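Here are the chains, one letter per residue:
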Amino acid sequence: QHVHRTRNGGQSWQVISPDLTTNDKSRQGISGGLTPDNIGVEYCCVIYAFDESPAQQGVFYSGSNDGKVYVSRDDGANWADVTDNLPDWPADGVVRGIDASQWDPGKAYLVVEAHQVGDFTAYAYRTEDYGASWTKITNGIPDHILSFTRSIHEDPVRPGLLYLGTENRLYVSFNDGDEWQPLLNDLPPAPMYGIVVQQHFNDLVIGTYGRGFWIMDDLTPLQQLTDEVRAQRSHLFEPRDAYRFNPRTSPASMTIDLSQGTNPPNAAHLNYWLDEQTAGAPVVLRIRDATGTLVRTLQGTSQAGINRVFWNFQGESSTPVRRRVPPLYADWVDYGPERVRIQNGMSLRWPPGTYTVTLEVDGEQHTQQLDVLRDPNSDGTLATITAQFDLMTEIRNDYDAAADAINRIEWVRRQLYDLVDVLEDQGNATDLIEGTADLDASLIEIEEELIQLRSTGTGQDGVRYPAKVTGQLRHLANGVGTADFVPTDQQGEVQGLLRNVLTNARTNLETVISEDLAAFNRLLAERGLNPLISEQGAGK
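What follows concerns the sheet that holds strand β10 (residues 135–136). Across the sheet, which stays open at both edges, the four strands sit in the order β7-β8-β9-β10 with antiparallel pairing between neighbours. The open sheet is flanked by β7 (94–100) and β10, the only strands paired with a single partner. The pairing of strand β9 (residues 119–127) with β10 spans two bridges and is classified as antiparallel. If you follow R126 over to β10, its bridge partner there is T135.

Structure below.
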């Protein structure tokens with residue numbers, strides 16, 4: 001077995017393990033290059049685990065497949081055999097993993113297993129004096145045929161937070177290995193061969209044997225979960241920075257591609273803690289921008305322990321369109337027992353910046369700051385994103401106004417249709433029925449400027465009939481909201497044209513309501529019938 005070092009990008013290598021016990025066959029090699037093991041695993045003496053201390057350059061820890069552990073404190077010039085210092089050391093064990101501590105050069109963690117010789121015990125150790133002494137740290141790992149240890153890793157943010165993998169499970173320790181508990185979620189039972197924390201995004205990455213790679217996104221709640229937090233009824237963890245990624249075109253892939261994974265949501269992760277007594281209580285999270293404007297209200301889960309809610313950088317949805325009358329020439333369309341079909345409104349994707357998150361649960365409030373970062377792959381700037389957001393805000397406001405007008409018209413038209421059913425049953429009301437038809441025609445003429453009334457929501461309506469103001473505003477928003485670019489002059493001009501159509505339609509609607517509908521209501525009153533309701537927002 002040999003450990004090599006290069007100082008010139010791999011052009012030449014130097015052996016730095018002259019003191020490590022080795023098999024003669026493993027000494028066969030190529031002069032000036034790396035020494036191959038020559039299938040040496042069959043003869044043992046192969047270095048399976050190696051790590052350099054992040055806290056001090058030149059401090060090395062090494063472990064082999066024949067159970068030997070060495071430590072060097074002088075950049076590999078000399079090595080000390082510390083194997084005999086490990087208590088309850090298994091005979092013919094294999095050193096599977098070594099992790100040198102981030103914080104102390106004399107501290108390291110080690111796992112060894114001996115299942116190939118019939119020993120399925122979990123073996124994990126900690127040293128704080130360069131291997132001069134070791135503490136066995138396996139409390140909480142059950143005595144099981146699949147509990148032999150495969151890997152160990154120290155969290156790079158919180159001292160004493162450790163992750164350990166066995167042949168069938170992942171464990172976590174909050175007290176430097178003194179106690180372990182399972183960390184499963186939806187992780188399958190598989191050999192946990194590799195553990196690493198991707199430090200930029202602070203994600204826990206697990207490499208298994210036979211079940212692929214698994215990633216636990218955002219370790220901040222585990223890193224901040226202290227005894228003080230556990231003693232609280234509720235707690236809002238400080239969120240990690242969130243990247244506001246722009247959508248990308250997905251690469252072509254086979255539908256049965258088993259190598260394809262699932263990406264996390266493009267969102268901010270909001271994590272909070274609830275104790276057993278608080279669990280089950282309604283949870284609300286409110287997000288405000290730097291000016292204090294309420295951006296979004298989210299309903300949270302309410303389970304005991306750590307909960308997570310995602311905010312996708314979208315604000316509240318605008319007014320939804322509520323269709324209450326069947327499409328033109330399609331009386332067969334059924335809106336269900338509620339007699340309404342809802343078309344969701346638009347929402348804005350808020351720009352990068354600093355936001356305030358407030359957790360409200362069971363009479364308690366907690367607040368944390370959230371930093372939303374620009375997509376690092378974007379060519380846009382905060383100025384271009386702000387210009388985009390400003391035009392998107394105007395488009396959303398126009399859509400809101402159009403939806404309000406449509407809902408008002410639909411509410412009146414629904415009453416007209418119901419009134420006709422009543423009048424036809426009563427008889428002797430031909431003039432009133434004709435009046436409802438005239439009023440309905442006037443309202444349809446206005447509504448057709450705002451929404452495609454022939455659309456049934458089925459088939460190819462979207463390409464068969466031209467979009468009206470609401471559809472065109474949605475299409476415009478899709479173009480303006482692409483990436484982080486400044487809106488074009490043409491997009492601004494189109495928004496102005498659509499606003500003119502919307503303004504004229506709303507003006508005409510006010511005229512019909514104040515004149516035609518008012519006159520019809522007077523006629524209804526003369527016949528002893530109730531007037532039609534027309535106030536803004538009726539029926540919401």
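On we go from here.
Here the structure, examined in full by the defined rule, presents eleven aromatic pairs. Pairing F60 with W79 gives two aromatic rings, centres 6.1 Å apart and planes at 25°, and the pair type is stacked. On the criterion of sequence distance, the pair formed by F60 in strand β4 (residues 60–64) and W79 in the loop between β5 (69–72) and β6 (80–81) is long-range, its members being 19 residues apart. Residue classification places W79 among the buried positions, given a relative accessible area of 9%. Chaining the aromatic ring pairs together yields one cluster made of F50, F60 and W79. Here the guanidinium or amino end of R73 rests over the ring plane of Y130, the centre of that ring lying 3.5 Å away.

Time to look at the confidence of the model for the chain. Segments scoring low in pLDDT should not have their predicted coordinates read at a detailed level. Confidence in the prediction for the chain averages 90 pLDDT; 90% of positions are at 70 or higher. Ignoring residues within four places in sequence, the model shows residues 536–540, a span with pLDDT below 50, making eleven contacts including any to other chains.

Next up on the list: the packing of helix α6 (residues 469–480) against helix α7 (residues 489–526). In contact at an axis separation of 11 Å, α6 and α7 are set at 160° when each is read in the N-to-C sense. It follows that α6 is roughly antiparallel to α7 by the angle criterion. Here α6 runs over α7; the crossing is left-handed. For the pair formed by α6 and α7, the contact residues are V469, Q472, L473, L476, G479 and V480 on the first element and Q491, V494, Q495, L498 and V501 on the second. Its residues assigned to classes, the contact of α6 with α7 comprises seven nonpolar, four polar and no charged.

What follows covers the pattern of salt bridges. Inspection of every chain in the model, using the stated rule, returns 31 salt bridges. Of the charged contacts in the structure, one is a salt bridge between D362 and R233, with a shortest N-O distance of 2.3 Å. Linking D362 in the loop between β26 (353–361) and β27 (364–374) with R233 in the loop between α2 (227–230) and β18 (234–236), this pair joins segments that are 129 residues apart in sequence. A relative accessible area of 40% places D362 in the partly exposed class. Note on R233: relative accessible area 35%, which makes it partly exposed. We note a salt bridge from R286 to E360, for which the minimum N-O separation is 2.9 Å. Of this pair, R286 sits in strand β21 (residues 283–288) while E360 sits in strand β26, placing them 74 residues apart in sequence. Sharing partners across several salt bridges, the network here consists of K107, R126, E128, D176 and D178.

Here strand β13 (residues 170–173) shows no split at all, with L170 and V172 on one side and Y171 and S173 on the other all buried. For strand β12 (residues 162–166) and β13, the ladder comprises four bridges, and the chain directions are antiparallel. Paired with Y163 across the bridge in β13 is V172. Linking β12 to β13, which pair antiparallel, is a turn of three residues. Pairing analysis gives two bridges linking β13 to strand β14 (residues 181–182), with the strands arranged antiparallel. Counterpart to V172 in the pairing with β14 is Q181.

Reading the values: rules and limits
- Residues numbered from 1 in each chain as written.
- Predicted model: local features only at pLDDT ≥ 70, side-chain atom pairs only at ≥ 80, totals over all residues.
- Heavy atoms only, no water.
- Pairing = 2+ DSSP bridges.
- Helix = DSSP H or I, 4+ residues; strand = E, 2+ residues; numbered from the N terminus.
- Phe/Tyr/Trp six-rings, centres within 6.5 Å; stacked < 30°, edge-to-face > 60°.
- Buried < 20%, exposed > 50% of the residue type's maximum accessible area, 1.4 Å probe, protein only.
- Lys NZ or Arg CZ within 6 Å of the ring centre and 35° of its normal.
- pLDDT = per-residue confidence, 0-100.
- Contact = heavy atoms within 4.5 Å.
- Axes fitted to C-alpha atoms, helices over the stretch in contact; angles between N-to-C directions.
- Parallel < 35°, antiparallel > 145°, perpendicular 65-115°, else oblique.
- Left-handed = near helix turned anticlockwise from the far one by under 90°.
- Nonpolar A, V, L, I, M, F, W, Y, C, P; charged D, E, K, R; others polar.
- Salt bridge = Lys/Arg side-chain N within 4 Å of Asp/Glu carboxyl O.

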